[in-house]
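# Overview (structure and organization)
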Amino acid sequence: MSKYGDLIKKARETEPENQKAINTEDQTSGLPEPEPELEQMVNLCVKVPISQRRYWMSKAKEQGITVTSVIIEALTQKFGEPENQKARKP
């Protein structure tokens, strides 16, 4: 075996007495609980000229919004939302 192989093997065989197993079920991370996702999100691909994409991306960034939110708003305004489903807000 290698120089440290015996040492590693010995460490794996027995658990040191001074180390106790930690029960993580009782602990909380302190982070807020993630919001449950209502529906699986998917990509919607649209081919556009690169010059228009650059322009739209820069305008959205100037206004502090995302192009995704603009597209969703436009599609919702044009077609509405399905009546029997709830969509997650971006």
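This text follows the structure it describes.
Computed from a prediction, not measured in an experiment: that's the story for all the values here. (Residues numbered from 1 in each chain as written. Predicted model: local features only at pLDDT ≥ 70, side-chain atom pairs only at ≥ 80, totals over all residues. Heavy atoms only, no water.)

What follows deals with the overall build of the chain. In terms of regular secondary structure, the chain is built from 3 helices and 0 strands. Put simply, the chain runs from its N terminus to its C terminus through helices and strands in the order α-α-α. Out of the 90 residues belonging to the chain, those deemed buried represent 2%. Accessible area of the chain: about 9,700 Å², with a carbon and sulfur share of 53%. (Helix = DSSP H or I, 4+ residues; strand = E, 2+ residues; numbered from the N terminus. Buried < 20%, exposed > 50% of the residue type's maximum accessible area, 1.4 Å probe, protein only. Areas by Shrake-Rupley, 256 points an atom, 1.4 Å probe, with all protein chains shown as cover.)

Over its 13 residues, helix α3 (residues 67-79) runs 18 Å from end to end, which matches the ideal 18 Å to within 8%, given 1.5 Å per residue. Just beyond α3, the residue with positive phi is G80, at close to 80 degrees. (Expected span 1.5 Å × (residues − 1).)

What follows concerns the environment of R53. Relative to the elements of secondary structure, R53 occurs in helix α2 (residues 50-63). R53 sits in the partly exposed class, given a relative accessible area of 46%. Spatially, the C-alpha atoms of R53 and V67 are 9.6 Å apart, while their sequence positions differ by 14 residues.

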